[in-house]
Amino acid sequence: MNTKADIKPVVVTRAESSDGPLSRELRSLGLRALLWPAVSVTSADLGPLTAALAAVSSFGWIVFASRHAVAAVLERLPTAPPGVRIAAVGQATAQVLRQRRWPVDLVPEEASAAARTEGGAGRISPGAGECAR
């Protein structure tokens with residue numbers, strides 16, 4: 001019989017609080033979550049993003065790789081630009097876009113940089129703009 005001391009912790013590497021969705025789910029399964037965020041989201045120089053969004057009508061595509069990128073862009077561009085196609089790396093990112101009424105034209109089956117290039121290689125033409133990561 002396993003005791004609490006026998007249960008090894010599960011390390012949660014994404015930034016979330018002890019009551020975040022993954023931590024809660026792990027606890028509901030009787031596991032112990034050890035929070036060790038490997039990535040943090042901080043403010044950056046938004047000049048390049050602002051400049052890119054000023055020229056967004058010339059883009060063929062905008063590729064969003066995270067919900068944080070969605071938040072940064074939609075704070076400055078609340079509606080999808082007409083004629084620009086939208087790709088989301090991962091279903092969670094696509095869901096955030098759809099909740100804000102942005103169309104999502106492409107979501108690779110696998111949420112990774114390799115899948116983004118392989119899955120969209122035939123659909124995203126060379127020279128198309130990527131303004132958020």
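Residues numbered from 1 in each chain as written. Predicted model: local features only at pLDDT ≥ 70, side-chain atom pairs only at ≥ 80, totals over all residues. Heavy atoms only, no water.

### Remarks on the packing of aromatic side chains
Scanning the entire structure with this criterion turns up 1 aromatic pair. Here the aromatic rings of Phe64 and Trp102 are separated by 6.0 Å at their centres, their planes lie at 85°, and the arrangement is edge-to-face. Of the two residues, Phe64 is situated in strand β3 (residues 61-64) and Trp102 in the loop between α4 (91-99) and α5 (113-120); the sequence distance between them amounts to 38 residues. With respect to burial, Phe64 and Trp102 carry one shared label: buried. (Phe/Tyr/Trp six-rings, centres within 6.5 Å; stacked < 30°, edge-to-face > 60°. Helix = DSSP H or I, 4+ residues; strand = E, 2+ residues; numbered from the N terminus. Buried < 20%, exposed > 50% of the residue type's maximum accessible area, 1.4 Å probe, protein only.)

### So, the pairing of β3
Residues of β3 alternate between two faces, with Trp61 and Val63 on one and Ile62 and Phe64 on the opposite face, all of them buried. As a crossover connection, the stretch from β3 through helix α3 (residues 67-76) into strand β4 (residues 85-88) is right-handed. (Right-handed = clockwise from strand over helix to strand, strands pointing away.)

### Some thoughts on the packing of α3 against α4
Where α3 contacts α4, the two axes come as close as 9 Å, and the packing angle between them is 25°. Considering the angle they form, α3 stands roughly parallel to α4. Note that α3 runs across α4; the crossing there is right-handed. The residues of α4 that touch α3, namely those facing Arg67, Val70 and Leu74, are Thr93, Val96 and Leu97. Here the contact of α3 with α4 is built from residues that sort into 4 nonpolar, 1 polar and 1 charged. (Axes fitted to C-alpha atoms, helices over the stretch in contact; angles between N-to-C directions. Parallel < 35°, antiparallel > 145°, perpendicular 65-115°, else oblique. Left-handed = near helix turned anticlockwise from the far one by under 90°. Contact = heavy atoms within 4.5 Å. Nonpolar A, V, L, I, M, F, W, Y, C, P; charged D, E, K, R; others polar.)

### Points about the environment of Val84
Note on placement: Val84 falls in the loop between α3 and β4. According to the relative accessible area criterion, Val84 is buried, its value standing at 6%. Between the C-alpha atoms of Val84 and Gly60, which are 24 residues apart in sequence, the distance is 5.1 Å. Not counting the four nearest positions on each side in its chain, Val84 is found in contact with Val56, Phe59, Gly60, Trp61, Ile62 and Asp105.

### Some remarks on the packing of helix α2 (residues 47-54) against α3
Relative to each other, α2 and α3 sit at 60°, their axes nearing to 11 Å. The orientation of α2 relative to α3 falls into the category oblique. Of the two possible hands of crossing, α2 and α3 adopt the one that is right-handed. Between α2, through Leu49, Thr50 and Leu53, and α3, the contact on the second element is made entirely by Ala72, Val73 and Arg76. Class assignment for the residues of the contact of α2 with α3 results in 4 nonpolar, 1 polar and 1 charged.

### Notes on the pairing of β4
The two faces of the sheet receive side chains in turn, since in a regular strand these alternate between them. As defined by bridge partners, β3 adjoins β4 across 4 bridges and the pair is classed as parallel. Looking at β4, one finds that Trp61 is bridged to Arg85. (Pairing = 2+ DSSP bridges.)

Keep in mind these numbers describe shape, not what the thing actually does.
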